[in-house]
Amino acid sequence: MRNNRPVVEVVRLGLVSYLEALQLQQVYMKRHGSGPAHALLLCQHPPVYTTGIRQKPYPAATLDHLRLLGAEVHQTNRGGLITFHGPGQLVCYPILNLSNFKKSVRWYVCELEKTVITVCRRFGIDAATSPHTGVWVRENKICAIGIHCSRYITSHGFALNCNTDLSWFENIVPCGIEDKGVTSLSAELLRDVSVEETIPLLLEAFRDQFGCRLTDGRTQKTE
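Structural notes, computed from the coordinates. Bear in mind the structure is a predicted one, so any value in this text is a computation, not a measurement.

Details of the packing of helix 3 (residues 105–122) against helix 5 (residues 195–210)
Phase 1: Their axes nearest at 9 Å, the elements helix 3 and helix 5 cross at an angle of 135 degrees. Between helix 3 and helix 5, the crossing angle belongs to the class labelled oblique. Crossing of helix 3 against helix 5: the hand is right-handed. Of the residues in helix 5, those in contact with W107, Y108, E111, L112, K114, T115, T118, V119 and R122 of helix 3 are T198, L201, L202, E204, A205, F206, D208, Q209 and F210.
Phase 2: Among the residues making up the contact of helix 3 with helix 5, the classes are represented as nine nonpolar, four polar and five charged.

Quick word on the sheet that holds strand 4 (residues 72–75)
Phase 1: Spatially, three strands are ordered 4-3-5 in an open sheet, and the strand pairing comes out mixed. At either end of the open sheet lies a strand with only one pairing partner, and these are strand 4 and strand 5 (83–85). Averaged over all pairs of adjacent strands, the angle between strand axes in this sheet comes to 25 degrees, irrespective of strand direction.
Phase 2: In the sheet, strand 3 (residues 48–51) pairs with strand 4 via four bridges, with the strands oriented parallel. Bridged to T50 within strand 4 is H74.

Topic: the packing of aromatic side chains
Phase 1: If you walk through the whole model with that rule in mind, you get eight aromatic pairs.
Phase 2: Ring centres of W107 and F210 lie 5.8 Å apart, and the angle between their planes is 80 degrees; on these two criteria the pair is classed as edge-to-face. One end of the pair, W107, is in helix 3; the other, F210, is in helix 5, with 103 residues separating them in the sequence.
Phase 3: Judged by relative accessible area, F210 falls into the buried class, the value being 5%.
Phase 4: A connected cluster of aromatic rings, assembled from ring pairs, spans F101, W107, Y108, F206 and F210.

Criteria and thresholds
Residues numbered from 1 in each chain as written. Predicted model: local features only at pLDDT ≥ 70, side-chain atom pairs only at ≥ 80, totals over all residues. Heavy atoms only, no water. Axes fitted to C-alpha atoms, helices over the stretch in contact; angles between N-to-C directions. Helix = DSSP H or I, 4+ residues; strand = E, 2+ residues; numbered from the N terminus. Parallel < 35°, antiparallel > 145°, perpendicular 65-115°, else oblique. Left-handed = near helix turned anticlockwise from the far one by under 90°. Contact = heavy atoms within 4.5 Å. Nonpolar A, V, L, I, M, F, W, Y, C, P; charged D, E, K, R; others polar. Pairing = 2+ DSSP bridges. Phe/Tyr/Trp six-rings, centres within 6.5 Å; stacked < 30°, edge-to-face > 60°. Buried < 20%, exposed > 50% of the residue type's maximum accessible area, 1.4 Å probe, protein only.

Structure representation (structure tokens):
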């Protein structure tokens, strides 16, 4: 049965712009047209604010202010409201065909949440879900989740704060949730936790949660 598990290609993109990551997601989504071609894109972004589809357009003055801070601003087709991405944040874009897993968007989001909770717990952090989407440590969000799914092909994903500069979040109401804060692995552990340190734990948790095999996109090494 081991060999019947779906194979997911892990693609390490490094630091890439948000728009470049969007284009790459489209490329990997199109690969599913000729058969299963699951991929997990891992990256970091230069500072960028993104808005989701559950939100009216922001006033132009507000967007201009965010740009003056040195960040890009983009509207997307993912679920959710406004959030921030930047260096020190592990951004994961699973490009999966849920037909090979389970045809349920709710199940998929829950599995992403469980994956991140496992990562946090392996760092000794007690994380949990809440009525709001994402993963939380007490009243502070440590991981935002916003996905898109078309014909059971997923895109967008989640962003786990590792050693992110959290002051960027002070300029917005993250995910539109009032009276809540944000945190990171580094803030919780009172030490620097890099994206590079986090990736192996994330891959292990993702593999176990989704019952898949991981293949390195560069070396074809499987886990």
